[in-house]
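# Residue-level structure breakdown
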Amino acid sequence: MTSEDIMEVALDLAHLAEIPRDSGIHVRSDSIKTVLATVDCDVSDLLMARAFKCDAVLTHHPEGAAGLHGWQVMRNQIEQMVECGVPIARAEAAIQRRMEQVELANHARNYLRVVQAAQLLKLGFLNIHVPCDLITRRLIAEKLAHFNDPNSRASVADVVAALQEFPEHRAAATTPQVRLGAPDRLAGRVAVAIGGYTNGGVEVLRAYFDAGVGTVLMMHFPDGDLREAREQKLPGNLVVTGHMASDSIGINFFLDELQRLGLSITRAGGIVVP
Ligand SMILES: [Fe+2]
Ligand SMILES: [Fe+2]
């Protein structure tokens, strides 16, 4: 397979027409048969790929230029909020602060280090971020769809139990945590706020609650924003699903497809393999 073929498989599975800014082919290759897959990639992971005689490394989190410009994908969260009933102008305003924070942090990144190492080691190198997260989002949303029945009187604990049905969540050392609200509260309408580059912070959480969502799911949430949400007693539940476990759901789905297409894949670098 070529690097472009691999990217195309991910885009198809995520129903995307073009490569999002947080993903990219950093060192292209025409004949990939063996791949080392990882959640995060450092030079040591590349050396491991060399030791295993892999042709390419496929990492999840953004590298290279995708690490600089990927924050623009946060605008996906506007659509996600609008889907849940947040007015569009409110949704756009809610994501602003967090987008600025992330852009500021990313601007200082040593974005080229790992890409350069891959070039020097003559390894194919690509990162596929939001396509995998959109797969995670879809699979979780499908599993939790019944909670959105207006007659549902399920609790937040029921939502957590449903999440635990994923093999990745069962296999992971983390468990989903109710960071705001409580397990015995009514879950209400559930929003899966995943697939928007990173979490949207407290303003996005507030926008969901104000739109009538009872429980928001995110992979991770910043400490300062959580404190703010608790101090302001935001009226809803936040379930932090577990970063590696939830990233692995979409990554494994994608890698399974690549395997079906004939690639040999070594899963490493923190991918939770059930
Ligand atoms: Fe992810
Ligand atoms: Fe992640």
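Attention shifts here to the overall build of the chain. Helix and strand content of the chain: twelve helices and nine strands. Taken over the C-alpha trace, the chain has a radius of gyration of 19 Å; the compact-globule value for 274 residues is 19 Å, and the two agree within 12%. Referenced to the eigenvectors of the C-alpha coordinate spread, the extents of the chain come out at roughly 55 × 35 × 30 Å. The proportion of buried residues among the 274 residues of the chain is 54%.

A word on the pairing of strand β8 (residues 237–240). Of the two faces of β8, the one carrying Asn237 and Val239 and the one carrying Leu238 and Val240 are both buried. In the sheet, strand β5 (residues 177–180) pairs with β8 via three bridges, with the strands oriented antiparallel. Its bridge partner lying in β8, Leu180 is registered against Leu238. Sheet topology places strand β7 (residues 213–218) next to β8; four bridges connect them, and they run parallel. The residue bridging Val216 from the neighbouring strand is Leu238, located in β8. At this point the chain moves from β7, through helix α11 (residues 223–231), to the parallel β8, and the crossover so formed is right-handed.

We now examine the state of the cysteines. As enumerated under the stated definition, the model contains zero disulfides in all. Looking at the unpaired Cys54, the closest cysteine sulfur is the one in Cys41, lying at 11 Å. For Cys54, a relative accessible area of 4% gives the class buried. Take Cys132: it sits in no disulfide, and the sulfur closest to it among the cysteines is that of Cys41, at 14 Å.

Here the focus is the packing of helix α1 (residues 3–13) against helix α12 (residues 243–260). Packed helices, taken two at a time, are described by the angle between their axes plus the distance between the axes. The geometry of α1 relative to α12 is characterised by a closest axis approach of 10 Å and an angle of 125 degrees between their N-to-C directions. One way to sum up the angle between α1 and α12 is to call them oblique. Here α1 and α12 pass one another in a crossing that is right-handed. The segment α1 lies against α12, with Ile6, Val9, Ala10 and Leu13 engaging Phe253, Phe254, Glu257 and Leu258. For the contact of α1 with α12, the residue count by class is seven nonpolar, no polar and one charged.

This part is about the domain arrangement of the chain. Domains assigned within the chain are domain 1 (3–129 + 247–267) and domain 2 (135–242). Taken together, the two surfaces of domain 1 and domain 2 that pack against each other cover about 2600 Å², and 57% of this comes from carbon and sulfur. Run the count over domain 1 and domain 2 and you get three salt bridges. Across the pair Asp210 and Arg90 runs a salt bridge, and its minimum N-O distance is 3.1 Å. Scanning the region where domain 1 abuts domain 2 turns up 13 residue pairs in polar contact (both at pLDDT 80 or more). Counting only elements with at least two residues in the side of domain 1 that touches domain 2, the list comes to α4 (76–83), α5 (88–107) and α12. Looking at the side of domain 1 that touches domain 2, its residues break down into 15 nonpolar, twelve polar and seven charged.

The next point concerns the environment of Gln259. Its location among the elements puts Gln259 in helix α12. The exposure class assigned to Gln259 is partly exposed, which follows from its relative accessible area of 34%. Distance in space between the C-alpha atoms of Gln259 and Leu58 is 13 Å, their sequence separation being 201 residues. If we skip the residues at most four places from it in the chain, Gln259 touches Ile265 and Arg267.

A few words now on the packing of aromatic side chains. Per the stated rule, a full pass over the model turns up zero aromatic pairs. A cation sits over an aromatic face here: Lys143 above Phe166, 5.2 Å from the ring centre.

His61 (NE2), His243 (NE2) and Asp247 (OD) make up the full set of protein donors to the iron ion (ligand 2), lying at 2.1 Å. Here His243 falls in the partly exposed class, since its relative accessible area comes to 27%.

Further remarks concern the nonpolar core. Counting 42 residues, the largest nonpolar core has Ile6, Leu58, Ile128, Ile140, Phe254, Leu255 and Leu258 as the members making the most contacts within it. Secondary structure elements with two or more residues in this core: α1, β2 (34–38), β3 (56–59), α7 (130–144), α8 (156–163), β6 (189–192) and α12. It is α1 that provides the largest number of residues to this core, a total of six residues. Here this core spans two domains, and each of domain 1 (3–129 + 247–267) and domain 2 (135–242) adds at least three residues to it. Look past the residues within four positions of Leu258 in its chain and what remains in contact with it is Met1, Ile6, Val9, Leu58, Leu263 and Ile265. Counting residues in hydrophobic clusters, the runner-up holds 33 residues, among them Ile95, Tyr197, Val202 and Val240.

Cut-offs used in this document
Just so you know, the residues in each chain are numbered from 1, in the order the chain's sequence is written. Each chain gets a letter, beginning with A, and each ligand a number, beginning with 1, in the order they are written. The predicted origin of the model limits local features to residues at a pLDDT of at least 70 and limits the giving and counting of side-chain atom pairs to 80 or more, whereas totals for whole chains, interfaces and linings rest on all residues. Here the side-chain values reflect all heavy atoms present in the structure, with hydrogen atoms and water set aside. A run of H or I in DSSP counts as a helix once it spans at least four residues, and a run of E counts as a strand once it spans at least two, with each numbered from the N terminus. Within these notes, the globule rule equals 2.2 Å times the number of residues to the 0.38 power, and the radius of gyration is based on C-alpha atoms. Each residue gets one of three labels from its accessible area relative to the maximum for its type: buried under 20%, exposed over 50%, partly exposed in between, using a 1.4 Å probe on protein chains only. Note on pairing: DSSP must find at least two bridges between two strands before they are called paired. Place the viewer so that the strands point away; then a crossover is right-handed whenever the path from the first strand over the helix to the second strand goes clockwise. The term disulfide is used for any two cysteine sulfur atoms that are within 2.5 Å. Between N-to-C directions, angles span 0 to 180 degrees; the directions come from axes that are lines fitted to C-alpha atoms, helices contributing only their stretch in contact. Angular relationships are summarised with four words: roughly parallel below 35 degrees, roughly antiparallel beyond 145, roughly perpendicular across 65 to 115, and oblique for the angles in between. Note on convention: the crossing is left-handed when the near helix lies turned anticlockwise from the far helix by less than a right angle, right-handed when the turn is clockwise. Should any heavy atoms of two residues lie within 4.5 Å, those residues are counted as being in contact. Side-chain classes are defined by residue name, with Ala, Val, Leu, Ile, Met, Phe, Trp, Tyr, Cys and Pro counting as nonpolar, Asp, Glu, Lys and Arg as charged, and the others, Gly among them, as polar. Throughout, the edges of the domains are those of an automatic or database domain assignment. Buried surface area refers to the total accessible area, computed with a probe of radius 1.4 Å, that the two partners give up upon joining, counted for both partners together. Here a salt bridge means any side-chain nitrogen of Lys or Arg lying within 4 Å of a carboxyl oxygen belonging to Asp or Glu. Polar contact criterion, stated in full: a pair of N or O atoms within 3.5 Å, where within protein one must be able to donate a hydrogen and the other to accept it, and residues adjacent in sequence count only if both atoms are side-chain atoms. When the centres of two rings from Phe, Tyr and Trp lie within 6.5 Å, Trp using its six-membered ring, the rings pair. Their planes under 30 degrees apart give stacked, over 60 give edge-to-face, and anything left gives tilted. In this scheme, the term charge over a ring applies when either NZ of a lysine or CZ of an arginine sits within 6 Å of the ring centre and within 35 degrees of the ring normal. Water is absent from the atoms considered, so a metal site may look incomplete; donors are defined as N, O and S atoms within 2.8 Å of the metal, or 3.2 Å for Na, K and Ca. Residues enter a nonpolar core if they are buried and are Ala, Val, Leu, Ile, Met, Phe, Trp, Tyr or Cys, with the set joined through side-chain atoms within 4.5 Å.

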